[in-house]
Amino acid sequence: MNFSEYLKNNIVYLDGGMGTLLQAQGLLPGEHPERWNISHPDVITSIHKAYFDAGSNVVCTNTFGANSLKFADDELEAIIKAAISNANAARQQTTQIGEKFIALDIGPSGKLLRPLGDLDFEEAVNIFANTIRKGVKYGVDLIIIETMNDSYETKAALLAAKENSKLPVIVSNAYGEDGKLMTGATPAAMVAMLEGMGADAIGANCSLGPKQLRSVAYELLANASVPVILKPNAGLPKSVNGKTVFDVKADDFSQDVAQLVRDGVRVVGGCCGTTPEYIKALHDKTQCITPVPVQEKNITVVSSYTHAVKFGDKPILIGERINPTGKKRFKQALVENDMDYILSEGVSQQEKGVHILDVNVGLPEIDEEEMLKNAVCELQAVINLPLQIDTADISAMETALRRYNGKAMVNSVNGKRESMEAVFPLVRKYGGLVVALTLDEGGIPETAEGRVQIAKKILDTAASYGIAKKDIIFDTLAMTISADNKAASATLTALNAIKHQLGCHTSLGVSNVSFGLPNRDAINSIFFALALENGLSAAIMNPYSADMMKTYFAYKALRGMDKNCSEYIDAASTFTVSTTAVAPTQPDIEKKSTAESDSALQRAVIKGFKDKAGELTKELLTTAAPLDIVNNEIIPALNIVGEGFENKTVYLPQLLMSAEAAKSAFEVIKAHMAGGEKTAGKGAFVIATVHGDIHDIGKNIVKLLLENYGFDVVDLGKNVPPETVVEKVVELHAPLAGLSALMTTTVPAMEETIKKLKEKAPWCRIVVGGAVLTQEYADKIGADKYAKDAMETVRYAEEILQNRK
């Protein structure tokens, strides 16, 4: 039986932790566990066998960190070959009955992808693809992608797996205490993206114990139409007599996970701190439980890198303003590659309350494929709304879908065979909710019945590509009533039939109905209301139109979608502000922002407009002193974003893009002051990822923020020996040092570094951070401060310097 068949009807038992077991066998601080596949094959094989003996159906190869960023290609191939050989040896040696499978284990690269870091998306895909091809070559049964804390890197890994193998792929992410990934994604958002791309099972692992991951598991179960995975840690780590131990014992662990199996989790195992004892206890407590059947959820959904937007609960607004049709200034922005203007249109529509942004950059005189890719990536850097990729250029569509971080809306396909043959394979590969226009080779039918027949044809063809009805949303095409006074009636009748007879969601470009008529908002808003009453799920509309927004909020209030009419009441004060369908220009937006609270520069920093921040700083320097700009503009803006991050209203990508915008402003100020007055730094702050650990995402985030707050950061890099850290701190007499570690196997190196710093540099305050650390653990190894995120590091550093003053 292959793994896919076994997964359908059984509870699948994965293995548990590897790193802590290798430490017990003598793995040294800073030593790469993957090399033990070659140097200690007997140890690796015995651990795999112990998991098989305990009841595991699947063991993961000791390749979590095996990638080309860490190893030369020849060594990487030797490691993967040996790792699979060791797992196969264990499978042959075990006497435990039952199906046995070997999974190629793929962990994170340790780098942030652009625009947040320096690793390009395609480079990430190639890194994972190289490992996967080698794993396939030497024979595994499935691929497991695990412990990913960034949705974009997760997509890169899954895409690499799908493009370089035909094996089943299961995907598990590392969620924090807030129930989100480090870069902000909710479990529902991850299900939308991963299920759309064809993951065979989706879940959560690492970071926390089973009790803390319970809410994540339930959200996964509520949204996933594929089996759900759960691989918790054995609770939280702490240091006892110099060794890392975890606070949840095997009996409690297995009891907590068993309850989640009863509730529907189908793939279970353990992560950090778990051992064969944990897996045996889990197997014993659950082997008699009848697996809960996996149910098709039929959720129509799109997602961004932070959240999912579901269709059906309430009408969805799709902002139409990123489109050159009839917009002279927008056309100019496209021709001049004025990305700031495009971004400002996106931000402004988000502030108006749209749920999704339509992105159309089609002009004959530009390279649409390159512009669409750049627009999608740049918009996602500053806005967390899902996007609708709107293009008739199939190459541009694929490039944008490939780069999109989430599950996009795709506009559009139609009933022509040529269109379906081009678009459906892309939706099948990359995932997406595709807008289907009810037209075909015969044109747009005049009757509602004709449009419904085309809808049925599109559904049948989509099904042949493996695309479910839930991933099709129909546009019954609003035609102008100035040319045909029956046009609106045909559109609405077809919309009603598709929604209520075919059970599909619907979308309309509402403003088309009034083309050629005066006072178009009056027509548009009434047509919008009629469409909503006939079952319209989503409208592509102008959020600057007061009439359209009045209709939207009034409809929700009247239809019982607005408890206590609170949204209507909140929105009512804005209804008289604008009655025009014209969007404010960028200068208008900036003036409004300045008048309300923030200056133009503060807004640019807050929104992450890097180029704009530099330009505005250059202008301000003609009338304001450099230090005044820093203290009155840049730092207040950073504080606003920092407080939002601490309050969970701003996510890591927004924090980093804001920091990049501030950095752009600082660079202009530094250039202006070159050779003149120098600003006094706040003092040296030495940072490093500890010996043996190559993961520097957290460290790099801390560095960027500290530099923006005026600290002189000395970055020693990753895999840094304790002696190197001590030497630099002593040399600079640095008042602060920061140490980062991601893996349990490298925490002893952190403890050793702290010990040496305390001996040689007792004046230095030491901050530690990383996924494997807790406050108790940090206290045990002698750190002065445990910072759960970058902003907490900044706050602590400022507090220390203030106290010393």
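Up top is the structure.
Residues numbered from 1 in each chain as written. Predicted model: local features only at pLDDT ≥ 70, side-chain atom pairs only at ≥ 80, totals over all residues. Heavy atoms only, no water.

In terms of regular secondary structure, the chain is built from 31 helices and 25 strands. Relative to its length of 805 residues, the chain is compact, with a C-alpha radius of gyration of 28 Å against a globular reference of 28 Å. Principal axes of the C-alpha set define a box for the chain whose edges measure 80 × 75 × 50 Å. For the chain, with 805 residues in total, the buried portion stands at 61%. Considering only contacts within the chain whose residues lie at least 6 apart along the sequence, 76% involve residues at least 24 apart. Here the chain has roughly 31,100 Å² of accessible surface; of this, 50% comes from carbon and sulfur atoms. Separation between the mean location of the 82 positive side-chain charges and that of the 99 negative ones in the chain comes to 2 Å. (Helix = DSSP H or I, 4+ residues; strand = E, 2+ residues; numbered from the N terminus. Rg over C-alpha atoms; globule rule 2.2 N^0.38 Å. Buried < 20%, exposed > 50% of the residue type's maximum accessible area, 1.4 Å probe, protein only. Contact = heavy atoms within 4.5 Å. Areas by Shrake-Rupley, 256 points an atom, 1.4 Å probe, with all protein chains shown as cover. Lys, Arg positive; Asp, Glu negative; His and termini not counted. Charge placed at Lys NZ, Arg CZ, Asp CG, Glu CD.)

Inspection of the secondary structure puts Y278 in helix α11 (residues 276-286). In this structure Y278 comes out as buried when scored by relative accessible area, which is 7%. Among residues more than four places away in sequence, those in contact with Y278 are A234, V248, K249, A250, F253 and G273.

So, about the sheet that holds strand β18 (residues 472-475). On the basis of which strands lie adjacent, the closed barrel formed by 8 strands has the order β13-β14-β15-β16-β17-β18-β19-β20 and parallel pairing. Each strand axis lies, on average, 30° off the axis of its neighbour in the sheet, ignoring direction. Lying on the sheet, helix α18 (residues 487-500) is in contact with β18 and β19 (505-509); it crosses β19 at an angle near 155°. (Pairing = 2+ DSSP bridges. Axes fitted to C-alpha atoms, helices over the stretch in contact; angles between N-to-C directions.)

Strand pairing within a sheet occurs via backbone hydrogen bonds; the two strands may be parallel or antiparallel. Reading across from one edge, β22-β21-β23-β24-β25 is the order of the 5 strands in this open sheet, with parallel pairing throughout. Edge strands, defined here as strands with exactly one partner in the open sheet, are β22 (712-715) and β25 (785-786). Pairing of strand β23 (residues 736-740) with strand β24 (residues 765-769), which is carried by 5 bridges, proceeds in the parallel orientation. Looking across to β24, one finds that L739 is bridged to V768. Running at roughly 160° to β22, helix α27 (residues 697-708) makes contact with β21 (684-689), β22 and β23 of the sheet. Lying on the sheet, helix α29 (residues 747-760) is in contact with β23 and β24; it crosses β24 at an angle near 170°.

Before going further, it helps to examine the packing of helix α4 (residues 41-54) against α11. Between α4 and α11, whose axes approach to 8 Å, the crossing angle comes to 15°. Here α11 runs roughly parallel to α4, going by the angle between their axes. In this structure, the crossing between α4 and α11 has a hand that is right-handed. Each of A50, Y51 and A54 in α4 lies in contact with α11, whose residues at this interface are P276, I279, K280 and H283. For the contact of α4 with α11, the per-class residue count stands at 5 nonpolar, 1 polar and 1 charged. (Parallel < 35°, antiparallel > 145°, perpendicular 65-115°, else oblique. Left-handed = near helix turned anticlockwise from the far one by under 90°. Nonpolar A, V, L, I, M, F, W, Y, C, P; charged D, E, K, R; others polar.)

A word on the pairing of strand β17 (residues 433-437). Walk down a regular strand and you will see the side chains alternate between the two sheet faces. For β17, the buried fraction is high: 5 of the 5 residues fall into the buried class. Side-chain alternation along β17 places L433, V435 and L437 on one buried face and V434 and A436 on a second face that is also buried. Relative to β17, strand β16 (residues 409-414) is paired through 5 bridges, and the arrangement is parallel. Looking at the pairing, N411 lines up with V435 of β17. In this view, the connection linking β16 to its parallel neighbour β17 by way of helix α16 (residues 417-430) has right-handed handedness. Since β17 and β18 lie parallel, the crossover through helix α17 (residues 448-464) that links them has a hand, and here it is right-handed. (Right-handed = clockwise from strand over helix to strand, strands pointing away.)

Another aspect to go through is a negative patch on the surface. Residues E378, D611, E615 and E619 make up a contiguous surface patch of negative charge. Of the residues forming the negative patch, the biggest block, 3 residues, is contributed by helix α24 (residues 610-620). The topology assignment puts E619 in helix α24. (Patch = residues over 30% accessible without salt bridge, like charges linked within 9 Å, V, L, I, M, F, W, Y side chains within 5 Å. Salt bridge = Lys/Arg side-chain N within 4 Å of Asp/Glu carboxyl O.)

Two side chains carrying opposite charge are able to pair once their charged atoms lie near each other. Tallying each qualifying case throughout the model produces 36 salt bridges. Between R91 and D141 there is a salt bridge; the shortest N-O distance is 2.9 Å. Of this pair, R91 sits in helix α5 (residues 73-93) while D141 sits in the loop between α6 (121-138) and β4 (142-148), placing them 50 residues apart in sequence. Exposure remark for R91: the relative accessible area of 26% places this residue in the partly exposed category. Classification of D141 as partly exposed rests on a relative accessible area of 25%.

Looking now at the packing of aromatic side chains. For the structure shown, the criterion picks out 8 aromatic pairs. Between Y6 and F101, the ring centres sit 5.7 Å apart and the planes meet at 50°, which makes this aromatic pair tilted. With Y6 in helix α1 (residues 3-9) and F101 in strand β3 (residues 101-106), this pair connects stretches of sequence that are 95 residues apart. Measuring from centroid to centroid gives 4.8 Å for F121 and Y152, while their planes differ by 20°, and the two rings are stacked. Highlighted residues: F121 in helix α6 and Y152 in helix α7 (residues 151-164), separated in sequence by 31 residues. Since its relative accessible area comes to 1%, F121 is described here as buried. Every member of this aromatic cluster is reached through a ring pair, and the members are F3, Y6 and F101. Above the face of the Y341 ring, R329 is positioned so that its terminal group lies 4.2 Å from the ring centre. (Phe/Tyr/Trp six-rings, centres within 6.5 Å; stacked < 30°, edge-to-face > 60°. Lys NZ or Arg CZ within 6 Å of the ring centre and 35° of its normal.)

Let us look at the environment of S514. Mapped onto the fold, S514 is located in the loop between β19 and α19 (520-533). In this structure, S514 is in contact with T480, R520, I523 and N524, ignoring residues within four places of it in sequence.

Glancing now at the side chain of D256. Mapped onto the fold, D256 is located in helix α10 (residues 250-262). For D256, a relative accessible area of 14% puts it in the buried group.

Here R114 and P115 are connected by a cis peptide whose omega angle stands at 10°. On the secondary structure map, P115 appears in the loop between β3 and α6. The linkage connecting N411 with the following residue, S412, adopts the cis geometry, with an omega of 20°. For S412, the position within the fold is in strand β16. You will see that N298, though not glycine, has its phi angle at about 50°, which is positive. With respect to the helices and strands, N298 occurs in the loop between α11 and β11 (301-303). For N298, a relative accessible area of 56% puts it in the exposed group.

Of note, N374 is situated in helix α14 (residues 368-382). Spatially, the C-alpha atom of N374 lies 33 Å from that of T480, the residues being 106 residues apart in sequence.

Here the focus is the nonpolar core. Ranked by internal contacts, the top residues of the largest apolar core, which has 216 residues, are F128, I145, F424, I472, F474, F528 and I634. Broken down by element, the residue count for this core peaks at 12 residues, all from helix α26 (residues 652-673). Apart from the residues within four sequence positions on either side, I145 is in contact with I106, A157, L158, A161, V169, I170, V171 and S172. Counting 28 residues, the second-largest nonpolar core is a separate cluster that includes V686, A749, A761 and L773. (Core = buried A, V, L, I, M, F, W, Y, C linked by side-chain atoms within 4.5 Å.)

As far as function goes, none of this settles anything; it's purely spatial.
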